[in-house]
Amino acid sequence: MTVDELDAALLVLGWKVSDFCRATGLHRNTPSRWRNDGVLIPEWVPKHLALLLEVKRLHAEYLTPPKGGASNE
């Protein structure tokens, strides 16, 4: 995973980097090390983000009421 891919996933989730750090227990400086120091992003990060994105997709598909359209009443 690249830093740009990380940023894109967080954008879709509506999260800031600080939100991701709090949710995963990362130190707040860790993503800066990925970005500025060339430290590789661990393998678990894209897997974790993929799961979060899938939960968001499922929520939108199955739990968010449809907008407009015909009523079922």
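Residues numbered from 1 in each chain as written. Predicted model: local features only at pLDDT ≥ 70, side-chain atom pairs only at ≥ 80, totals over all residues. Heavy atoms only, no water.

1. Re the packing of aromatic side chains
The condition that has to hold: Two aromatic rings, drawn from Phe, Tyr or Trp (for Trp, its six-membered ring), form a pair once their centres lie within 6.5 Å of each other, and the interplanar angle then sorts them: stacked below 30 degrees, edge-to-face above 60, tilted otherwise. Each helix corresponds to a stretch of at least 4 residues labelled H or I by DSSP, and each strand to a stretch of at least 2 residues labelled E; elements are numbered beginning at the N terminus.
In the structure shown here, the tally under the stated rule is one aromatic pair. For the pair phenylalanine 20 and tryptophan 44, a centre-to-centre distance of 6.3 Å together with 15 degrees between the ring planes defines the contact as stacked. Of the two residues, phenylalanine 20 is situated in helix α2 (residues 17–24) and tryptophan 44 in helix α4 (residues 44–62); the sequence distance between them amounts to 24 residues.

2. With respect to the environment of arginine 57
The cut-off we apply is this: In this scheme, a residue with accessible area under 20% of its type's maximum is buried, one over 50% is exposed, and one in between is partly exposed, where area comes from a 1.4 Å probe on protein chains only. The definition of a polar contact used here is a pair of N or O atoms within 3.5 Å, where within protein one atom must be able to donate a hydrogen and the other to accept one, and adjacent residues in sequence count solely through side-chain atom pairs.
In this fold, arginine 57 is placed in helix α4. Of the residues examined, arginine 57 reaches a relative accessible area of 39% and is grouped as partly exposed. Spatially, the C-alpha atom of arginine 57 lies 9.9 Å from that of leucine 13, the residues being 44 residues apart in sequence. Side chain to side chain, arginine 57 and glutamate 54 meet in a polar contact 2.6 Å long.

3. Quick look at the nonpolar core
The nonpolar side chains of a soluble globular protein tend to be buried, and buried together. Heads up, the condition is: For the purposes of this section, nonpolar cores are sets of buried Ala, Val, Leu, Ile, Met, Phe, Trp, Tyr and Cys residues that join through side-chain atoms within 4.5 Å. Whether two residues touch is decided by their heavy atoms; if any such pair falls within 4.5 Å, the residues are in contact.
In terms of nonpolar packing, the biggest core is built from twelve residues, these being Val3, Leu6, Ala9, Leu10, Leu13, Phe20, Cys21, Leu26, Trp34, Ile41, Val45 and Leu49. Among the elements of the structure, α1 (3–13), α2 and α4 are those that each provide at least two residues to this core. Those residues within four positions of leucine 26 in sequence are excluded, and the remaining contacts are Phe20, Cys21, Trp34 and Trp44.

4. Quick word on the pattern of salt bridges
Basically, it comes down to this: A pair is scored as a salt bridge if a Lys or Arg side-chain nitrogen falls within 4 Å of a carboxyl oxygen belonging to Asp or Glu.
For the coordinates displayed, the defined rule picks out four salt bridges. In this structure, arginine 22 and aspartate 19 form a salt bridge, with 2.8 Å as the shortest nitrogen-oxygen distance. Remark: aspartate 19 and arginine 22 occur in helix α2; sequence separation between them is three residues, near one turn of the helix. Residue arginine 22 is classed as exposed on the basis of its relative accessible area of 62%.

5. A closer look at the packing of α1 against α4
When two helices pack together, their arrangement is given by the angle between the helix axes and by the axis-to-axis distance. Heads up, the condition is: Axes, fitted as lines to C-alpha atoms, cover a helix only where it is in contact. Angles between the N-to-C directions of the axes lie from 0 to 180 degrees. Put simply, angles under 35 degrees are roughly parallel, angles over 145 are roughly antiparallel, angles from 65 to 115 are roughly perpendicular, and the rest are oblique. Handedness of each helix crossing follows the sense of rotation of the near helix against the far helix: counterclockwise by less than a right angle gives left-handed, clockwise gives right-handed. Classification used: nonpolar for Ala, Val, Leu, Ile, Met, Phe, Trp, Tyr, Cys and Pro, charged for Asp, Glu, Lys and Arg, polar for all others including Gly.
For the pair α1 and α4, interaxial distance at closest approach is 10 Å and the crossing angle is 25 degrees. Accordingly, the angle class assigned to the pair α1 and α4 is roughly parallel. α4 is crossed by α1, and the crossing has left-handed handedness. Across the interface between the two elements, Leu6, Ala9, Leu10, Val12 and Leu13 from α1 touch Val45, Leu49, Leu52, Leu53 and Lys56 from α4. For the contact of α1 with α4, a count of residues per class yields nine nonpolar, no polar and one charged.

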